[in-house]
Structure formats: structure tokens, C-alpha cells
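# Remarks on the overall topology
If you want the building blocks of each chain, they are given just below.
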Amino acid sequence: MTRMPESPWSAVPLPAVASTDADATVNLSQDGALIRRTVLPGGIRVLTEDIPAMRSAAFGAWVAVGSRDELEEHAGSTHFLEHLLFKGTPTRSAYDIAAAFDAVGGEANAATAKNYTCYYARVLDVDLPLASDVLMDMMTSSLLDAGDVETEREVILEELAMALDDPADLVHERFSETVLAGHPLGRPIGGTPETIRALGRDAVLAHYRTHYVPGELVVTAAGNINHDAICESVQAGARAAGWVLAEDAVPAGRRVAGTAIHGPSTTLTIPRATEQAHVIIGGPGLSNADPRRFALAVASTILGGGMSSRLFQEIREKRGLAYNTYSFTSGYAEGGLFGAYAACAPSKVATVVELVRAELARLVSEPASAEELRRAIGQICGTFVLGSEDTGARMTRLGLAEVVTGRLMSFEETLASYRAVTAADVQRVAADLLAADPTLVVVGPERACAAAEALA
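Residues numbered from 1 in each chain as written. Predicted model: local features only at pLDDT ≥ 70, side-chain atom pairs only at ≥ 80, totals over all residues. Heavy atoms only, no water.

## Observations concerning the overall build of the protein chain
Per the secondary structure count, the protein chain includes 16 helices and twelve strands. At 23 Å, the protein chain has a C-alpha radius of gyration in line with the 23 Å of a compact globule built from 456 residues. Dimensions of the protein chain, computed from C-alpha atoms along their principal axes, come out at roughly 65 × 50 × 40 Å. Going through the 456 residues of the protein chain one by one, you find that 54% of them count as buried. Contacts spanning at least 24 positions in sequence make up 78% of the contacts within the protein chain whose residues lie at least 6 apart. When the accessible surface of the protein chain is totalled, it reaches about 19,000 Å², and 54% of it is carbon and sulfur. (Helix = DSSP H or I, 4+ residues; strand = E, 2+ residues; numbered from the N terminus. Rg over C-alpha atoms; globule rule 2.2 N^0.38 Å. Buried < 20%, exposed > 50% of the residue type's maximum accessible area, 1.4 Å probe, protein only. Contact = heavy atoms within 4.5 Å. Areas by Shrake-Rupley, 256 points an atom, 1.4 Å probe, with all protein chains shown as cover.)

Here it is as C-alpha cells:
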């Protein structure tokens, strides 16, 4: 740990959550970039990664609230706000917000997840003050005009309709809802057409006023940046909006939806007049803090993580049954998902399902070969490092560490965790997750659904 020159902001190492009693820095980056974390008055958190060699910078404004955290009467509000915050503030119209980024060749967008929302921009380093100013204005002072609510309601309904028309999106949504049934994580991120139609402006406004407050706000930035300047800009934006920034305020704690994940193993079919049948087989996965998650990532890569994976080789290369097949995992504070996907001709559903089930069983019954293990770990580590060579990815990494996991692992620690996985670890985690019969979800023509139901 090194000491920085005197700073007006109290900064603490990333693993700490709310302590503000030291002016300290921590270097957790593989390439020597400096990472700092500061808790501002009001409990606003600012995390930055200074990468002087970059000419760009990414800026993100986060709140640790997603579809998981909505009250029943606010269902769909999280995603609704993602749209509405771009519609204007007392000092900027929707056009002004768009034009500000267009004028500097920047990009701005937002993302809603089950457990967080992020508004972000990527710009040249000299334009970072602009990005900070605009995004802080949006976060603190959105008008949420009643007319804009009605306009965006129609836009969101079209967005949901587009997802329902995409069978690949639909099968993933239904799989998540089925496996996570009864748990807040099982809610669709964007709401449903019914909840969106029923959602009033007052409910959206209440959701905004509850969660878009100083103690919930996390700002992250990466690139050629100045930590103290960002702290000053963020605090100025919050004060200009009239936010009360108490000196002794602390950040909000991380949310965990305490109910158990207990979706039953089942078979669900959704008839659609499509050319292909879209199939997912899987079940509950691991939380994002479970030490077995590294072994699960390796298991998933061996199963369906690339062109050399078991599913790709068996289903596509050897038999020509599908163009697209892969496996996936997702993790949250409370648990996660693990599954395998394939899209095939309706007449091939039974064969594909049996092949996927066989490969899942083989993960449990026999250890991966040394070559499979080496290749999977190499793929994960290479993808991880290559994906981190971007200011947007670095900014996102800081945000997820603060609002989701509570800990920022160094690159070397992360890579070492994957490289330590053994064939026995892969076999054990597969056995743990596949102890119960997996859930099967199929979207496709009637004959494909009938074939899937016959396998139940």
C-alpha cells in the first residue's frame, strides 16, 4: 500500500465498505494502474482507476437496485427509470443530453439488471467533466414528466414485445422465471406488459425518490482520469441538485433478498410458430461469493464454452443438429443459474435434449481430461484479460465490486483462482448442482413441445 499526496477526500482501500478514517490508496491492478475509493459526504462512493496511457475515460453512475428490489406496486419501475432519466432535467432536454455526447463523439447508455442499475458514458479524457456533469444531472434531477412517462410506456411495451418475438430471449426469460420461481430474482427485469400498463407516474417517482439518493449512489470511472477532480465534480452535481450531504452519512448496505431459491425441477413448453426449437436444460447455480464459482466457470467452459467444448463438438460438429449451442452461468448474492442452450429443428428436439442430458451426466460421472482442463482454464483466463483492456470494462469492474460483490479481486488473484481448479473440483461442483433433475424449457412449434413433454 502506498500513500498519495495530501487530498481533500478521505480514500480507503477497496475491500473496506464505509470507513473514511484514512487517506490511503490501494493498487490491485495487474498493470500497475492506481485504484482509489472515496466516501463523500452523504455516503456517495467514488471509485476510480487511473490509467494514464489511455486517451479515453469511462464514467458510470450506479444504484444497487434492480428488478429484484422492487415493491409489488413498483414492478417495472427500475427499467422504466432507465428510459426516463434520458428524457430531461430542469436544465437539459432529452435532445440536449443526446447532443452533448454526440458533439464529442462519446457514447452514453444505461443497463438495468436484477440487482443494479447503471448509467454510463465513454468519452475522450478531456471530455470527462462533461460526462460527469450530464450523468449527475440525470441521476439527481430527472423531471419524470407525466407526458414522458406515457411516451416511454409505449416504447417499453414495444421493447417487451420485441423480446417476446425473439424465441432465444423468451426461452432464457422463462428458464430464469422457472428456476427462480417464488424468489424476487425470478422477476423479469423489464417487467411484464401488464405491470407496465398498470404502472403510474407516482409509483415510478416514489421508486426514484427512494433509491436515487446519496447513500445509494456509486460513481466509478476508469481511464486517464483525476480522482480528486471527479470527487469534486460529483459532489458539486449533488449539491446543485439540492441533495443533503451530511458529513457523517454512510453508504447504504448491500441488499440481499432473503427468501430461498427453491424453483422445482420441471418441464415447461411454450408453443411458438418458429422454424427452430429453442432448448435450455439446467437449474440453480452458485452465488457470486461462492468459492466454487471458479470451478463452475471451468465446468461450464468444458461443457459449452467454445468451439472445442463438448456440446459444440457433439451436437454441431459430429451430428449437425444445431448451429448454436452453448452453456452459461449467472450469479447473484442469493444464488444463481446454470444451464445449456441449443437451437435445433423441431424434429431433433428429443435427440438434442438427450445429448445435453448425457453431457451433463458425464460432467458428474467422469473427470475432465488434463487437456480439457488446460484448454478451459486458458480460455477463461485469456478472455478475462483481453476483456479488461478497455476503459468501459474497467469502470464496470469497479462498479460490480462495490454494488454487487463487495470485494475487488486483483487480476492476479482472479487468474490464480481459475488456475487452481482441478478436475476433481469440476466433478464435485457438477455433482452438487446436478443432484436434482434439471429443468427443461422449450420454445418452438407444437411438435417440438410435444416431444419435450414426452421426455419429462
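Next comes the rest of the description.
## Thoughts on the pattern of salt bridges
Oppositely charged side chains can form a pair if their charged atoms are brought close together. Applying the stated criterion across every chain, the model contains 27 salt bridges. In this structure, arginine 153 engages glutamate 150 in a salt bridge whose closest nitrogen and oxygen atoms are separated by 2.8 Å. Placement of both arginine 153 and glutamate 150 in helix α4 (residues 146-165) is noted, with a separation of three residues, approximately one turn of the helix. Note that arginine 407 and glutamate 413 form a salt bridge whose closest N and O atoms lie 2.6 Å from each other. For arginine 407, a relative accessible area of 42% gives the class partly exposed. Connected through salt bridges with shared partners, the residues Arg37, Arg45, Arg254 and Glu402 form a single ionic network. (Salt bridge = Lys/Arg side-chain N within 4 Å of Asp/Glu carboxyl O.)

## Brief notes about the nonpolar core
Phe59, Leu85, Tyr119, Ile230 and Val234 are the most contacted members of the largest nonpolar core, which totals 49 residues. For this core, the element with the most residues is helix α3 (residues 128-141), which contributes seven residues. (Core = buried A, V, L, I, M, F, W, Y, C linked by side-chain atoms within 4.5 Å.)

## Structural notes on the sheet that holds strand β9 (residues 277-284)
Read from one edge to the other, the open sheet built from five strands follows the order β8-β12-β9-β11-β10, with strand pairing classed as mixed. Taken across any chain shown, the strands that pair with only one partner, and hence form the sheet edges, are β8 (267-271) and β10 (322-331). In this sheet, adjacent strand axes meet at a mean angle of 15° when their direction is disregarded. As paired elements, β8 and strand β12 (residues 439-444) share five bridges and run parallel to each other. (Pairing = 2+ DSSP bridges. Axes fitted to C-alpha atoms, helices over the stretch in contact; angles between N-to-C directions.)

## What about the confidence of the model for the protein chain?
In the predicted model, the protein chain carries a mean pLDDT of 91, and 92% of its residues have values of at least 70. Every residue in residues 1-27 is under pLDDT 50, and counting partners more than four places away or in other chains gives 68 contacts. (pLDDT = per-residue confidence, 0-100.)

## Section: helix α8 (residues 227-240)
Taking 1.5 Å of rise per residue, 14 residues should cover 20 Å, and α8 covers 20 Å from first to last C-alpha, within 8% of that figure. Residues of α8 that are buried: His227, Asp228, Ile230, Cys231, Val234, Gln235, Gly237 and Ala238. Against β2 (34-39), β3 (45-50), β4 (56-63), α3 and β7 (217-223) lie the buried residues of α8. N-cap assignment for α8: the residue whose side-chain oxygen lies 3.1 Å from the backbone N of aspartate 228 is asparagine 226. With its phi angle positive at about 85°, glycine 242 sits one or two positions after the end of α8. (Expected span 1.5 Å × (residues − 1). Polar contact = N/O pair within 3.5 Å; in protein donor to acceptor, adjacent residues only side chain to side chain.)

## Describing the packing of aromatic side chains
As enumerated under the stated definition, the model contains nine aromatic pairs in all. Ring plane angle 85° and centroid distance 5.8 Å describe the contact between phenylalanine 175 and phenylalanine 328, whose orientation is recorded as edge-to-face. With phenylalanine 175 in helix α5 (residues 167-179) and phenylalanine 328 in strand β10, this pair connects stretches of sequence that are 153 residues apart. Seen from their ring centres, phenylalanine 384 and phenylalanine 411 are 5.4 Å apart, and the 50° between their planes marks the pair as tilted. Residue phenylalanine 384 is found in helix α12 (residues 370-387), and its partner phenylalanine 411 is found in helix α14 (residues 411-419); the two are separated by 27 residues along the sequence. A relative accessible area of 22% places phenylalanine 384 in the partly exposed class. Using a relative accessible area of 2% as the deciding quantity, one classes phenylalanine 411 as buried. One aromatic cluster is present, formed by Phe86, Tyr119, Tyr208 and Tyr212 through successive ring pairs. Directly above the aromatic system of phenylalanine 411 lies the positively charged group of arginine 397, at a separation of 4.2 Å from the ring centroid. (Phe/Tyr/Trp six-rings, centres within 6.5 Å; stacked < 30°, edge-to-face > 60°. Lys NZ or Arg CZ within 6 Å of the ring centre and 35° of its normal.)

## Quick word on the environment of serine 365
Assignment of secondary structure puts serine 365 in helix α11 (residues 349-365). Serine 365 gets classed as exposed once you look at its relative accessible area, which sits at 56%. Remark: the alpha-carbon pair of serine 365 and leucine 205, spanning 160 residues in sequence, is separated by 53 Å.

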